[in-house]
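Structural features, examined
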Amino acid sequence: MSVIPSSDPDLRSPLLSSLEEPARKPEKGPDVQKLTIDDMLQKHCGEFGTWQLRHFVLTCLAWALEGFHTMVMIFADREPEFRCLGSGCDEMAKSVCGFEPGSWDWVGGAGSSTVAQWGLVCGEKYKVGLVQAVFFGGCMIGAGTFGHLSDSTLGRKGSLTVVCLLNAVFGCLTALAPDYWTYLLLRLLTGFSTGGVGLCAFVLATEPVGSSKRGAAGMSTFYFFSTGIAMLSGIAYIFPSWRELYIASSIPSILFLVIVLPFISESPRWYLVRGRINEAMTLMRTIAKSNGKHLPDGVVLALDEDVNESYVNDQSDKQGFATKEAITGSVIDVIRSPVTRVRLFLAVAINFMCSVVYYGLSLNVVNLDTNLHLNVVLNAVAEMPAFTITALLLDKFGRKPLTIGTLWFSGFFCFAGSLMGGVGIWKVVRMICGILGIFGMAGTYNLLFIYTAELFPTVVRNVALGCATQSAQMGAILAPFIVVMGGALPFAVFASCGFVGGLLAFYLPETLNRPLYDTITGMKEGEGGLSGV
């Protein structure tokens with residue numbers, strides 16, 4: 001065997017070159033900057049431009065539909081006026097209880113309301129409150145169900161599609177109810193779908209909006225709800241029959257599904273937390289283009305817990321941004337975290353008390369002995385200035401002071417209403433106190449949606465909103481039974497709820513100018529590890 005001389009450079013150089021030269025790195029692509037959605041909207045896409053305005057208006061039309069399906073009970077379940085047909089009837093009486101059979105008749109006939117249709121008076125009067133409570137019970141179940149589905153599999157737009165479809169179907173079927181118990185069941189099912197409309201529409205409308213514009217945008221969503229209630233009063237005037245009214249108030253849900261929903265986009269925040277980065281980036285480019293701006297190629301969306309690693313140099317990492325593992329959350333995660341646990345408890349309690357007052361005052365118009373259609377319109381119109389004033393003050397004073405102030409404002413006038421008599425001029429004064437009470441509570445009810453949404457990260461935002469909405473529905477379940485008591489007692493209960501709710505709001509943190517966090521971890525890091533709240 002011959003040995004190769006080690007001094008031969010021609011033979012040694014190929015071997016040594018591979019050992020001595022450092023390994024070559026792959027060529028680097030351009031730096032990729034990670035941005036959260038809030039940062040991308042602020043720097044490149046626009047916080048509330050043409051795209052957000054159009055999307056906001058179209059999405060918030062669903063709030064009018066919720067107003068239809070919720071407040072239709074005021075007219076469908078009202079006790080109509082009666083007329084005497086002979087002896088055994090007293091025209092000055094406030095109730096038909098004790099009248100001789102055949103001595104009186106309902107004005108407008110048996111089809112004017114469910115009360116006239118199935119005789120829900122005297123010993124059967126509790127059934128009116130029961131069907132209204134069952135509706136809100138369905139809302140409570142639906143809010144929790146669709147709050148979870150909109151955070152997970154269905155998404156915001158998918159959940160909104162399902163609830164509007166169910167609303168249209170159940171609303172039309174309600175008009176065909178042959179008896180009270182079928183009517184009760186269908187109102188339960190309508191409540192189940194209605195419970196998801198508001199929270200899905202609110203989140204879907206406000207998540208593409210930048211942080212500095214989100215407060216005013218969120219407050220504006222409820223203009224559509226109040227407008228829906230005012231429109232419902234006109235629809236009820238045109239269609240005095242309760243069966244016709246249910247069909248007329250359900251048709252807009254069908255029109256919304258066919259005409260409006262195809263032009264509504266899914267939330268980019270939901271795409272992001274589900275790991276669908278391509279869809280999120282495509283939507284952000286569309287937003288930027290529609291707003292007359294340009295989204296550079298060197299930026300990419302990332303969760304707030306990832307943005308500390310601001311730049312990625314390896315081109316393969318850039319490709320890895322196209323898809324990421326979906327991040328999910330549940331109410332267990334909210335309770336497990338000390339930061340979100342106390343917030344959830346407070347949000348649930350305050351929403352419950354706010355709802356008792358809001359729906360109680362709305363339904364209490366039947367006890368005021370004045371024109372029903374006019375009272376409903378006045379209550380709806382009274383809400384709108386509250387939204388405007390709250391929106392103007394929201395970014396100046398913050399969420400927390402306004403929540404406390406509006407709760408106590410409403411509580412004060414409800415307390416004043418409890419001191420007023422029910423005859424003469426005092427009846428008018430009590431009605432004014434009720435209008436001012438709903439003025440304050442409408443501002444609170446609206447503000448709580450924004451406040452609650454900002455208190456929790458994207459991954460559990462709709463779950464938390466669902467819990468808060470469920471508690472609100474529990475308050476709404478209680479409201480009809482309080483209203484049935486009549487007299488000054490309802491106002492006294494409403495005043496107590498307003499005062500206690502304001503006290504609880506003291507323990508919530510301020511969220512003004514804080515970002516919408518994506519994950520619980522990102523929120524903890526972003527808020528410096530705050531505990532308790």
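Residues numbered from 1 in each chain as written. Predicted model: local features only at pLDDT ≥ 70, side-chain atom pairs only at ≥ 80, totals over all residues. Heavy atoms only, no water.

Note the cut-off: UniProt positions are given in the numbering used here, feature names are shortened, and annotations may be inferred rather than shown by experiment.
Per an unreviewed UniProt entry, the chain is named Major facilitator superfamily (MFS) profile domain-containing protein, and its organism is Populus trichocarpa. Of the chain, the UniProt comment under Subcellular location (unreviewed entry) reads exactly: "Membrane".

Observations regarding the overall build of the chain
Worth spelling out the cut-off: Only DSSP runs of H or I reaching four residues or more are called helices, and only runs of E reaching two or more are called strands; each is numbered from the N terminus. When checking whether two residues touch, look at their non-hydrogen atoms; a contact exists if any pair is within 4.5 Å. We get accessible surface area from the Shrake-Rupley algorithm with a probe of 1.4 Å; when it comes to residues, only the shown protein chains can shield them.
Helix and strand counts for the chain come out as 20 helices and 5 strands. Sequence-distant contacts in the chain: of pairs separated by 6 or more residues, those separated by 24 or more amount to 81%. As displayed, the chain has an accessible area near 22,500 Å², and 64% of this comes from carbon and sulfur atoms.

Let's talk about empty space enclosed by the protein
Threshold: Think of a 1 Å grid over the protein atoms and nothing else: a 1.4 Å probe that fits but is trapped marks a cavity, an open set flanked by protein within 12 Å on at least five of seven lines marks a pocket, and residues with an atom within 4 Å of a point count as lining. Grid points are joined across faces, edges and corners, and a volume is the space filled by probe spheres set on the points. Start and end positions for the domains come from either an automated domain assignment or a database one.
Counted by the stated rule, this structure contains 5 cavities of 30 Å³ or more. For the largest cavity, the calculated volume is near 110 Å³. In terms of lining, the largest cavity is formed by 17 residues, of which the most central are Tyr-445, Phe-449, Thr-469, Ala-472 and Gln-473. Counting residues per element, the ones that place at least two in the lining of the largest cavity are helix 3 (50-76), helix 7 (180-206), helix 14 (338-363), helix 17 (425-455) and helix 18 (458-485). In terms of domain composition, the lining of the largest cavity takes at least three residues from each of domain 1 (33-90 + 105-310) and domain 2 (329-525).

Concerning helix 9 (residues 242-260)
Each α-helix turn comprises 3.6 residues. Residues three or four places apart therefore point the same way. What counts here: By definition here, a helix of n residues has an expected span of 1.5 Å times n minus one. Any residue under 20% of the maximum accessible area for its type is buried, any over 50% is exposed, and the rest in between are partly exposed; the area is computed with a 1.4 Å probe on protein chains only.
Taking 1.5 Å as the rise per residue, helix 9 with 19 residues should run 27 Å; its terminal C-alpha atoms sit 27 Å apart, in good agreement. Listed as buried for helix 9 are Trp-242, Leu-245, Tyr-246, Ala-248, Ser-249, Ser-250, Ser-253, Phe-256, Leu-257 and Val-260. Here the buried face of helix 9 lies against helix 3, helix 4 (114-118), helix 6 (155-174), helix 7 and helix 8 (211-238).

What to know about the packing of helix 8 against helix 15 (residues 372-397)
What counts here: Only the stretch in contact is used when a helix axis is fitted, and all axes are lines through C-alpha atoms; the angle between N-to-C directions ranges over 0 to 180 degrees. Each angle gets one of four labels, with under 35 degrees taken as roughly parallel, over 145 as roughly antiparallel, 65 to 115 as roughly perpendicular, and the rest as oblique.
Two elements in contact, helix 8 and helix 15, have axes whose closest approach is 9 Å; the angle formed by their N-to-C orientations is 175 degrees. Regarding the angle of helix 8 to helix 15, the classification is roughly antiparallel.

As for the packing of helix 5 (residues 126-151) against helix 18
In helix packing, the relevant descriptors are the interaxial angle and the interaxial distance, both defined with respect to the helix axes. We apply this condition: Note on residue categories: nonpolar means Ala, Val, Leu, Ile, Met, Phe, Trp, Tyr, Cys or Pro, charged means Asp, Glu, Lys or Arg, and polar means any other residue, Gly included.
Packing of helix 5 against helix 18 brings their axes to within 8 Å, and their N-to-C directions diverge by 175 degrees. Relative to helix 18, helix 5 is oriented roughly antiparallel. Residues that form the contact of helix 5 with helix 18 fall into these classes: 15 nonpolar, 13 polar and 2 charged.

Side note on the confidence of the model for the chain
Put simply, the rule is: Values of pLDDT, the confidence the predictor places in each residue, fall between 0 and 100.
Per-chain confidence: the chain averages 81 in pLDDT, with 85% of residues scoring 70 or above. Long-range and interchain partners of residues 9-29, a stretch whose pLDDT sits below 50, account for 7 contacts in this model, where long-range means more than four residues apart.

Some points on the state of the cysteines
Where we set the bar: Any two cysteine sulfur atoms within 2.5 Å of one another count as a disulfide.
Tallied over the entire structure, the rule returns 1 disulfide. What pairs with Cys-97 in a disulfide is Cys-122, and their sulfur atoms sit 1.9 Å apart. Judged by the torsion about the S-S bond (-120 degrees), the Cys-97/Cys-122 disulfide is left-handed. Residue Cys-97 is located in the loop between strand 2 (82-84) and strand 3 (104-106), and its partner Cys-122 is located in the loop between helix 4 and helix 5; the two are separated by 25 residues in the primary sequence. On the basis of relative accessible area, Cys-97 is assigned to the partly exposed category, the value being 37%. For Cys-354, which is in no disulfide, the shortest distance to another cysteine sulfur is to Cys-497 and amounts to 9.7 Å.

Points about the environment of Thr-190
Under the convention used in this document: For the purposes of these results, a polar contact is taken to be a pair of N or O atoms within 3.5 Å, where, inside protein, one atom must be able to donate a hydrogen and its partner to accept one; residues adjacent in sequence count only when each atom of the pair is a side-chain atom.
Here Thr-190 is to be found in helix 7. For Thr-190, a relative accessible area of 1% translates into the label buried. As for Thr-190 and Gly-138, which are separated by 52 residues in sequence, their C-alpha atoms are 7.2 Å apart. Contact partners of Thr-190, with chain neighbours within four places excluded, come to His-69, Phe-135, Asn-167, Phe-170, Gly-171 and Thr-174. Side-chain polar atoms of Thr-190 contact the backbone oxygen of Leu-186, separated by 2.8 Å.

What to know about unusual backbone geometry
Although it is not a glycine, Cys-122 adopts a positive phi angle of roughly 55 degrees. Given a relative accessible area of 39%, Cys-122 falls into the partly exposed group.

As for the environment of Ser-410
On the secondary structure map, Ser-410 appears in helix 16 (residues 399-418). Given a relative accessible area of 1%, Ser-410 falls into the buried group. Remark: the alpha-carbon pair of Ser-410 and Met-441, spanning 31 residues in sequence, is separated by 5.6 Å. Discounting chain neighbours no more than four positions away, the residues touching Ser-410 are Val-357, Gly-437, Gly-440 and Met-441.

What about the nonpolar core?
The following threshold applies: Nonpolar core, defined: a set of buried Ala, Val, Leu, Ile, Met, Phe, Trp, Tyr and Cys residues in which side-chain atoms within 4.5 Å join the residues together.
Grouped together as the largest cluster of nonpolar side chains are 123 residues, with contacts concentrated most on Trp-63, Leu-160, Phe-256 and Tyr-358. Each of domain 1 (33-90 + 105-310) and domain 2 (329-525) contributes no fewer than three residues to this core. If sequence neighbours within four positions are ignored, Phe-256 has contacts with Leu-58, Thr-59, Leu-61, Ala-62, Leu-65, Leu-160, Cys-164, Leu-261 and Ile-264. If you look at the next biggest cluster of nonpolar residues, it comprises 23 residues, including Leu-41, Cys-45, Leu-283 and Leu-303.

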